Amino acid sequence: MNIIVVKDYSEMSRKAAHLFVGQILQKPNSVLGLATGSTPVGLYKELIKFYKEGMIDFENVIAFNLDEYLNLDPTHEQSYARFMEENLFQFINMKEKNHHIPSGTALEFEAECDRYEELIHNAGGIDLQILGIGRNGHIGFNEPDIKFEAITHIVQLDEQTINDNARFFNNIEEVPKTAISMGIKTIMQSRGIILLASGKEKADAVAGMVSGKITPELPASVLQLHPNVTIIVDEAAASKINL
Ligand code: PGA
């Protein structure tokens, strides 16, 4: 694991953006793995800036998002499809047919999982995956006690995740309890991974991920086994790391 400790959220976002810009310059038809949540918003803002300045081109880039809530219409203001549109896709020239998000409203969820996994394989696999981390150590929606062998699948959200995500909804009852998520195995098959974390609320999960036992109880700990992971954390999120 390559661990980079930065001062704050802005520096974390800038550093991550540099790695993505490098990736796209090196391989203009890169396959990116994208994430939602508060963590990558700053990274997306930086990428939009680089795009507007003419430094990168998304014309041939392909993207796959990690996850989506089940049974939220893609137009729902908290769907991840809408999040991606509002925070990134509407500002860049990635072709619509090239950005993929699992469908939370598919008729057959199991078939949708298989379709999504196959799409990733047919695109040649993910070159660079961005991840956040939940306070419970989840990556994507792979909650504690997940099987490391899981590929894209249907998940029940952890109580802590539901509580954490309630801030985006009118009340906790509105938070979906299920989602479709790339599995740990899907994520581990990415050729490169960048995980971002900021704020002291993430400090325990980050410490467990980098220096704790590798265990499904803390799904992010599996990243210790990946040959090409860069963790970019601000000082608060890094405060409990024991190297
Ligand atoms: P956050 O979520 O970026 O909103 O903190 C991270 C995650 O749950 O993976």
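As shown above, the structure is provided for reference.
Cut-offs used in this document
- Residues numbered from 1 in each chain as written.
- Predicted model: local features only at pLDDT ≥ 70, side-chain atom pairs only at ≥ 80, totals over all residues.
- Heavy atoms only, no water.
- Buried < 20%, exposed > 50% of the residue type's maximum accessible area, 1.4 Å probe, protein only.
- Helix = DSSP H or I, 4+ residues; strand = E, 2+ residues; numbered from the N terminus.
- Pairing = 2+ DSSP bridges.
- Right-handed = clockwise from strand over helix to strand, strands pointing away.
- Expected span 1.5 Å × (residues − 1).
- Arc of directions from axis to C-beta.
- Contact = heavy atoms within 4.5 Å.
- Axes fitted to C-alpha atoms, helices over the stretch in contact; angles between N-to-C directions.
- Parallel < 35°, antiparallel > 145°, perpendicular 65-115°, else oblique.
- Left-handed = near helix turned anticlockwise from the far one by under 90°.
- Nonpolar A, V, L, I, M, F, W, Y, C, P; charged D, E, K, R; others polar.
- Patch = residues over 30% accessible without salt bridge, like charges linked within 9 Å, V, L, I, M, F, W, Y side chains within 5 Å.
- Areas by Shrake-Rupley, 256 points an atom, 1.4 Å probe, with all protein chains shown as cover.
- Salt bridge = Lys/Arg side-chain N within 4 Å of Asp/Glu carboxyl O.
- Lys, Arg positive; Asp, Glu negative; His and termini not counted.
- Charge placed at Lys NZ, Arg CZ, Asp CG, Glu CD.
- Near = heavy atom within 4 Å.

J.: Whenever I open this one, unusual backbone geometry confuses me. Can you help?
T.: The backbone phi angle of Asn-71 is positive, close to 65°, even though this residue is not glycine. Note on Asn-71: relative accessible area 56%, which makes it exposed.

J.: Sorry if this is basic, but what is going on with the pairing of strand S2 (residues 31-34) here?
T.: Both faces of the sheet carry side chains from a regular strand, because those side chains alternate between them. Residues Val-31 and Gly-33 point to one face of S2 and Leu-32 and Leu-34 to the other, with burial holding for every one of them. Pairing of S2 with strand S3 (residues 62-65) involves four bridges; the strand directions are parallel. Within S3, the residue paired with Leu-32 across the bridge is Ala-63. Note on the crossover from S2 through helix H2 (residues 41-52) to S3: the handedness is right-handed. Where S2 meets strand S6 (residues 128-131), two bridges bridge the pair, whose relative direction is parallel. Bridge pairing in S6 places Leu-32 opposite Leu-128.

J.: Looking at this structure, how should I read helix H4 (residues 109-122)?
T.: Each full turn of the α-helix corresponds to 3.6 residues, which orients residues three or four apart in the same direction. Compared with an ideal rise of 1.5 Å per residue, which puts 14 residues at 20 Å, H4 spans 20 Å between its outermost C-alpha atoms and is within 8% of the ideal. Residues of H4 that are buried: Glu-112, Cys-113, Tyr-116, Glu-117 and Ile-120. Down the axis, H4 shows its buried residues gathered within 130° of arc, on one side only. For H4, the exposed residues set more than 90 degrees away from the buried face come down to Glu-110, Asp-114 and Asn-122. Packing partners of the buried residues in H4 comprise S3, strand S5 (99-100), strand S7 (153-156), strand S8 (178-181) and helix H6 (184-188).

J.: Would you mind going over the packing of helix H1 (residues 9-26) against H2 with me for this structure?
T.: The geometry of a pair of packed helices is captured by two quantities: the angle between their axes and the separation between those axes. Interhelical geometry of H1 versus H2 gives an angle of 50° and a closest axis separation of 8 Å. Considering their axes alone, H1 and H2 lie oblique with respect to each other. Crossing handedness for the pair H1 and H2: right-handed. Along its contact with H1, which presents Tyr-9, Ser-13, Arg-14, Ala-16, Ala-17, His-18, Phe-20 and Val-21, the element H2 presents Val-41, Gly-42, Leu-43, Glu-46, Leu-47 and Phe-50. Of the residues that constitute the contact of H1 with H2, the class distribution is nine nonpolar, three polar and two charged.

J.: Even after reading the chapter, I still don't get a negative patch on the surface, so can you show me in this structure?
T.: Taken together, Glu-108, Glu-110, Asp-114 and Glu-118 make up a surface patch of like negative charges. If you trace the backbone, Glu-118 turns up in helix H4.

J.: Could you clarify how one ought to interpret the environment of Ile-231 in this entry?
T.: For Ile-231, the position within the fold is in strand S10 (residues 229-234). Overall, Ile-231 belongs to the buried group, its relative accessible area being 0%. Here the alpha-carbon distance between Ile-231 and Ile-172, two residues 59 residues apart in the chain, equals 31 Å. Look past the residues within four positions of Ile-231 in its chain and what remains in contact with it is Met-1, Asn-2, Ile-3, Ile-4, Leu-195, Met-209 and Val-210.

J.: What is the right way to look at the site of the ligand in this model?
T.: Contacts to the ligand come from Gly-37, Ser-38, Thr-39, Gly-132, Ile-133, Gly-134, His-138, Arg-167 and Lys-202. With the chains in place, 82% of the 280 Å² that the ligand exposes on its own is no longer accessible. Here the residues of the shell around the ligand are counted per class, giving one nonpolar, six polar and two charged.

J.: What am I meant to see in the sheet that holds S5 here?
T.: Working definition: the strands of a sheet are paired by backbone hydrogen bonds and lie parallel or antiparallel to each other. Spatial strand order, S1-S10-S9-S6-S2-S3-S5: seven strands in an open sheet with parallel pairing. A strand with exactly one partner marks an edge of an open sheet, and here the two such strands are strand S1 (2-6) and S5. Across five bridges, the pairing between S1 and S10 is parallel. Opposite Val-6, over in S10, you have Asp-234 as the bridge partner. Helix H7 (residues 203-211) contacts S1, strand S9 (192-197) and S10 of the sheet and is inclined by roughly 150° relative to S10.

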